[in-house]
Amino acid sequence: MAHRQIHQAVGALIKQQLDRPFDLLDLGCGDAQAIAKTLRGSEINSYTGVDLSPNTLAIAQQNLATFPRVDLREANFLTYLNQANPTPPASFDLIHAGFSLHHLLLKEKEQFFAHCFSLLRPGGYLLIYDVFRQPHQDRQQYLQAYLDRAQSQWLALAPDQIQAIAGHIKECDFPELVATMAEISQKVGFMPHQVLFTEPRGFHHCFAFPIGQSGKALAQDGV
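Attention in this report is confined to the structure presented alongside it. Note that the coordinates shown come from a computational prediction; the quantities given were computed from them, not determined experimentally. (Residues numbered from 1 in each chain as written. Predicted model: local features only at pLDDT ≥ 70, side-chain atom pairs only at ≥ 80, totals over all residues. Heavy atoms only, no water.)

## Observations regarding the packing of helix α6 (residues 139–153) against helix α7 (residues 159–172)
Working step 1: Running from N to C, α6 and α7 cross one another at 165°; their axes reach a closest spacing of 11 Å. As far as their axial angle goes, α7 and α6 are roughly antiparallel. In this structure, α6 crosses over α7, and the sense of that crossing is right-handed. On α7, the residues that touch Arg139, Leu143, Tyr146, Leu147, Ala150 and Gln151 of α6 are Ile162, Ala166, Ile169, Lys170, Glu171 and Cys172.
Working step 2: Here the contact of α6 with α7 is built from residues that sort into 8 nonpolar, 1 polar and 3 charged. (Axes fitted to C-alpha atoms, helices over the stretch in contact; angles between N-to-C directions. Helix = DSSP H or I, 4+ residues; strand = E, 2+ residues; numbered from the N terminus. Parallel < 35°, antiparallel > 145°, perpendicular 65-115°, else oblique. Left-handed = near helix turned anticlockwise from the far one by under 90°. Contact = heavy atoms within 4.5 Å. Nonpolar A, V, L, I, M, F, W, Y, C, P; charged D, E, K, R; others polar.)

## Some remarks on the environment of Cys206
Working step 1: One can find Cys206 in strand β7 (residues 204–210).
Working step 2: For Cys206, the residues in contact, after removing those within four places along its chain, are Ile6, Val10, Leu127, Ile128, Tyr129, Gln194, Val195, Leu196 and Phe197.

## Regarding the side chain of Gln137
Working step 1: Relative to the helices and strands, Gln137 is located in the loop between β5 (120–131) and α6.
Working step 2: With a relative accessible area of 8%, Gln137 lands in the buried category.
Working step 3: At 2.9 Å, the side chain of Gln137 forms a polar contact with the backbone nitrogen of Gln134.
Working step 4: Here Gln137 is in contact with Tyr142, Ala145, Leu177 and Phe203, once residues within four sequence places are set aside. (Buried < 20%, exposed > 50% of the residue type's maximum accessible area, 1.4 Å probe, protein only. Polar contact = N/O pair within 3.5 Å; in protein donor to acceptor, adjacent residues only side chain to side chain.)

## Concerning the pairing of β5
Working step 1: In terms of burial, β5 is largely enclosed, as 10 of its 12 residues are buried.
Working step 2: Of the pairings in the sheet, the one linking strand β4 (residues 92–98) to β5 comprises 6 bridges and is parallel in character. Along β5, the bridge assignment pairs His96 with Leu127.
Working step 3: Viewed along the sheet, the connection from β4 through helix α5 (residues 106–119) into β5 turns out right-handed.
Working step 4: Taken together, the 7 bridges between β5 and β7 define a ladder with antiparallel strand orientation. Across the sheet, the residue bridging to Asp130 is His205, located in β7. (Pairing = 2+ DSSP bridges. Right-handed = clockwise from strand over helix to strand, strands pointing away.)

Encoded structure:
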């Protein structure tokens, strides 16, 4: 799923754009193992992680033990955003969501972008890496293509493991087109997205959705 290439791109963005103390919100953080490695040597000031699994949050606490100001929340990340949005606004410089947004329906994705925009400070970034449909694919065509790839390339997994993953994907995956995500993001006020990693003719992509230094004021004025 291109984790190595994606986190190299994430690390490069953080190094180039966040060379000051910053506060990070990690939605669907899991055990935080990958992002903890990516953040080493950065100017991170605080880390807030949100995940439904108490077991993975316990592991995340260990992986983040050397970080300052770690706050881990056991919650559905969309529920967290709904509750956090009114108070306090503009609390983070970077919001990170890896392989989690595709579980939401389209209306929920619209809510997600709106909440993230409200919680980001000027100059901040929403960072997403996820699976996306190809322009010619509907959901069923995407599912078939993705499962065909899994069966042919994920050779380290046993057949029963592939079958379990296939069941999860068929029930829970609702990936969008890149164009759809771009439209949603700009509608709520984000600047045009930046491509950090794209898998040629593949499913996995990483994008940064920036807020300009005056982006919120412009959005509120309807510009």
